[in-house]
Amino acid sequence: MKIVFRKTKTNYYSIVSLISAIDSRKLDVDVYIESSLEEILKYPEGVVVAYSFMSFDYERVKKEVKILKEKNYTLIAGGPHPTADPEGVLSMGFDYVFMGDGEENIIKFIEGFPPDSGKIYDGIKNRVSLDHYPPFDVQREMFMPVEIARGCPFTCGYCFTPYLAGRKVRYRSIESIIHYAALGVKKGRRIARFIASNSFGYMSKDGITPNIEAIERLLYGLKKIGIEDIFFGTFPSDVRPESVTHEVLRTIKKYVKNRSIIIGAQTGSKRVLKIINRGHDLETVEKALEVAALEGFTPHVDFIFGFPFETKEDIQETFEFVEKIIKKYKAKIHAHTFMPLPKTPLAKYGAGVLTRKHYKFLGKLSSSGYMDGYWHKQQDLARTVEKISK
Ligand code: SF4
């Protein structure tokens, strides 16, 4: 079998995970990666073309699928959008859809095992253990941040992660992380970054309360095998405010290179905080920022602007909260525009709406260096997503 993975700007981590899983088994398959439709069309008819995509890629994927279908390729799809709407994706022209975890099912597909039901391989019902698969592909030198945890016990109303990855958090063991990091070091990779819904919840029982012993053992172990630069509690993952404690910051400070941490707050309005079901209050956010600042970390705080159900008062409260935390804790703001992702509880409200007041406020913060993020571009993406969410 020959499989061509369609690489895009947003699916690199997904395809690395899948290719690593394939390469970890002795399978009769040739794997290719292509970044354009033109390159894929050079492959003979009959090869398998694999897509992993998000909802805002829907229109582009649809166009490509139409062209590929005429050439008789076998088309398979996985990732967030196919997980949210498997039937819709099959009706785009895909032959098979992979929901949820993809590692085990892509192997089953290559080995010729039939789907769990109809044309759907179900990685929601059949979750994988992270330790059964490598975090990146050492052989091909395709590296990515190590996914140390998958799943999230919370159900924030705008987020698809609890459905895509499950509400039970699964951890990659310290031994597995160190083992693969050591293989990476041999190839010259001396940097470690991590993927988790809450890095400070790593190896915790509840996904929140930091397991200091495990975190320290992990970071110490990575340093010991020759990792020079460790980034923990920062890009590409963030931390829950409840998990930001003096103890965890003092522990990581001994090992990490980052002097900022990304904390999810999302709004400064008490009412909105309840609607979006964050599961914490504003006081908890402030406490986390205070602790971070006292321990010498710059809090980089995630906010979502433009919730369609926000009142003028909600918007004003958020602006005031943002101004307060910049002044008091020297926080930096990471701004997003609300996106109504399919299958999420808040999808029914439609695309995020930025008012003139938002533009003025966000523009001022951006130009004064207190804010970053793709909020501008996300407003367009939100409208694209809205069309397919309803
Ligand atoms: S936003 Fe974060 S904490 Fe909330 S459900 Fe998503 S991953 Fe979990």
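Residues numbered from 1 in each chain as written. Predicted model: local features only at pLDDT ≥ 70, side-chain atom pairs only at ≥ 80, totals over all residues. Heavy atoms only, no water.

## Some points on the pattern of salt bridges
- Scanning all chains against the criterion turns up 25 salt bridges.
- Where arginine 140 meets aspartate 137, a salt bridge forms, and the shortest distance between an N and an O atom there is 3.7 Å. (Salt bridge = Lys/Arg side-chain N within 4 Å of Asp/Glu carboxyl O.)

## A short note on the sheet that holds strand β13 (residues 260-266)
- The sheet built from four strands is open, its strands ordered β13-β14-β15-β16 with parallel pairing. Each end of this open sheet is capped by a strand with a single partner; those strands are β13 and β16 (371-372). (Pairing = 2+ DSSP bridges. Helix = DSSP H or I, 4+ residues; strand = E, 2+ residues; numbered from the N terminus.)

## Looking at the site of the ligand
- In the neighbourhood of the ligand, the contacting residues comprise Cys152, Phe154, Cys156, Tyr158, Cys159, Thr161, Pro162, Ser197, Arg240 and Arg278.
- Tallied by class, the residues present in the shell around the ligand amount to six nonpolar, two polar and two charged. (Near = heavy atom within 4 Å. Nonpolar A, V, L, I, M, F, W, Y, C, P; charged D, E, K, R; others polar.)

## Structural notes on the nonpolar core
- Leu222, Phe232, Leu249 and Ile252 are the most contacted members of the largest nonpolar core, which totals 89 residues.
- The element that contributes the greatest number of residues to this core is helix α13 (residues 312-329), accounting for seven residues.
- Leave out the neighbours within four places in its chain, and isoleucine 252 touches Phe200, Ile215, Leu219, Phe232 and Phe297.
- If you look at the next biggest cluster of nonpolar residues, it comprises 22 residues, including Tyr43, Val65, Ala77 and Met99. (Core = buried A, V, L, I, M, F, W, Y, C linked by side-chain atoms within 4.5 Å. Buried < 20%, exposed > 50% of the residue type's maximum accessible area, 1.4 Å probe, protein only. Contact = heavy atoms within 4.5 Å.)

## Some details on a negative patch on the surface
- Taken together, the side chains of Glu313, Glu317, Glu320 and Glu323 present a region of like negative charge at the surface.
- Judged by its relative accessible area of 40%, glutamate 323 falls in the partly exposed class. (Patch = residues over 30% accessible without salt bridge, like charges linked within 9 Å, V, L, I, M, F, W, Y side chains within 5 Å. Areas by Shrake-Rupley, 256 points an atom, 1.4 Å probe, with all protein chains shown as cover. Lys, Arg positive; Asp, Glu negative; His and termini not counted. Charge placed at Lys NZ, Arg CZ, Asp CG, Glu CD.)

## Overview of the domain arrangement of the protein chain
- Under the domain assignment used here, the protein chain contains domain 1 (2-123), domain 2 (145-237) and domain 3 (259-390).
- Residue-level contacts link nine residues of domain 1 with nine residues of domain 2.
- Sorting the residues of domain 1 by area buried against domain 2 places Tyr13, Thr83 and Asp101 first, and these three jointly supply 59% of that buried surface.
- Taken together, the connections running from domain 1 to domain 2 amount to three salt bridges.
- Linking aspartate 101 and arginine 150 is a salt bridge whose minimum nitrogen-to-oxygen distance equals 3.1 Å.
- Elements that contribute at least two residues to the side of domain 1 that touches domain 2 include exactly α4 (80-84) and β5 (96-100). (Domains from an automatic or database assignment. Buried area = accessible area lost by both parts, 1.4 Å probe.)

## As for unusual backbone geometry
- In this chain, phenylalanine 235 is followed by proline 236 through a cis amide linkage whose omega measures 5 degrees.
- One can find proline 236 in the loop between β12 (229-230) and α10 (246-253).
- We note that methionine 203 has phi near 65 degrees; this positive angle belongs to a residue other than glycine.
- By secondary structure assignment, the location of methionine 203 is in the loop between β11 (194-195) and α9 (212-224).
- Using a relative accessible area of 27% as the deciding quantity, one classes methionine 203 as partly exposed.
- With a phi angle near 55 degrees, lysine 330 is a residue other than glycine that sits in the positive phi range.
- Note on placement: lysine 330 falls in the loop between α13 and β15 (332-337).
- Taking the relative accessible area as the measure of exposure, lysine 330 reaches 64% and is therefore exposed.

## Overview of the sheet that holds strand β4 (residues 74-78)
- As summarised here, the arrangement of the six strands in space is β2-β1-β3-β4-β5-β6, forming an open sheet in which the pairing is parallel. Because the sheet does not close on itself, it has two edges, and the strands there are β2 (30-34) and β6 (120-123). Taken over all neighbouring pairs, the strand axes of this sheet differ in orientation by 20 degrees on average, direction set aside.
- As judged from the three bridges shared by strand β1 (residues 2-6) and strand β3 (residues 48-52), these two strands associate in the parallel manner. Across the sheet, residue valine 4 finds its bridge partner in β3, namely valine 49. (Axes fitted to C-alpha atoms, helices over the stretch in contact; angles between N-to-C directions.)

## Examining the pairing of β6
- Because side chains alternate across β6, one face comprises the buried residues Ile120 and Asp122, and the other comprises Tyr121 and Gly123, equally buried.
- Bridging between β5 and β6 involves four bridges; their strand directions are parallel. Note that in β6 the partner of phenylalanine 98 across the bridge is tyrosine 121.
- Read from β5 through helix α6 (residues 103-110) to β6, the crossover connection turns out left-handed. (Right-handed = clockwise from strand over helix to strand, strands pointing away.)

## As for the packing of helix α8 (residues 174-186) against α9
- Where α8 contacts α9, the two axes come as close as 10 Å, and the packing angle between them is 15 degrees. Put simply, α8 runs roughly parallel to α9. When the axes of α8 and α9 are compared, the crossing they make is right-handed. Residues Ile174, Glu175, Ile177, Ile178 and Ala181 of α8 pack against Ala214, Arg217, Leu218, Gly221 and Leu222 of α9.
- A per-class count over the contact of α8 with α9 returns seven nonpolar, one polar and two charged. (Parallel < 35°, antiparallel > 145°, perpendicular 65-115°, else oblique. Left-handed = near helix turned anticlockwise from the far one by under 90°.)

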